[in-house]
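Each chain, letter by letter, is given below.
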Amino acid sequence: MTLVLGGARAGKSAFAEGLARAWERRVYVATSVVTDGEMAERIVAHRARRGADWRTVEEPVELAATVRRESAPDTCVLVDCLTVWLGNLMHYGRDVEAACEALLESLAAAPGPVVLVANEVGLGIVPDNGMARAFRDHAGRLNQAMAGAARQVYFVAAGLPMALKGPAPD
């Protein structure tokens, strides 16, 4: 498993897609939901950048089951992104800790490579409301858990990947 962290528009997704291109078979698991025109445009841009040689699975909540179903020895599964998935869990009132534990279990059992993308949201100011602080705290714990389980962890800033765990990027 590989975790790619970074800020908004830092180049995380493009870097993660580059890692996954080492595999002939690739599945892109999209966690976002179209909520407005701007989000729809983002999704179109992501799909265009990836090209037609990816299979896309849209799954905003049941990520553990999707990883179990899609993972195979000859297929790279790219999940973009854990932070949006976390927001979906909170929005739908799901048990965040249980969902994160289930995801960790499915990742540990995955027979093929999985690349996860997540935002690092804890570098800014402390949010001024409880819900935003809870989101930030859940995101920090989720990123720590995934980084602990990952073989490789990269942080992308300004389009430049830095290895936090594992080999330096090419």
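Up top is the structure.
Described below are features of the structure shown in this document.

Rules behind the numbers
- Residues numbered from 1 in each chain as written.
- Predicted model: local features only at pLDDT ≥ 70, side-chain atom pairs only at ≥ 80, totals over all residues.
- Heavy atoms only, no water.
- Core = buried A, V, L, I, M, F, W, Y, C linked by side-chain atoms within 4.5 Å.
- Buried < 20%, exposed > 50% of the residue type's maximum accessible area, 1.4 Å probe, protein only.
- Helix = DSSP H or I, 4+ residues; strand = E, 2+ residues; numbered from the N terminus.
- Salt bridge = Lys/Arg side-chain N within 4 Å of Asp/Glu carboxyl O.

Focus: the nonpolar core
L3, V79, L82, W85 and M146 are the most contacted members of the largest nonpolar core, which totals 30 residues. When residues of this core are assigned to their parent elements, the largest contribution, six residues, is made by helix 5 (residues 96-109). Residues L78, C81, V115 and V117 belong to the second largest nonpolar core, which totals 15 residues.

Brief notes about the pattern of salt bridges
As enumerated under the stated definition, the model contains ten salt bridges in all. For the salt bridge of D53 with R21, the shortest nitrogen-to-oxygen distance reads 3.6 Å. Of the two residues, D53 is situated in the loop between helix 2 (37-50) and strand 3 (55-58) and R21 in the loop between helix 1 (12-20) and strand 2 (25-30); the sequence distance between them amounts to 32 residues. Residue E58 is joined to R47 by a salt bridge in which the shortest nitrogen-to-oxygen separation is 2.8 Å. Separated by eleven residues along the polypeptide, E58 in strand 3 and R47 in helix 2 bring together distant segments of the chain.

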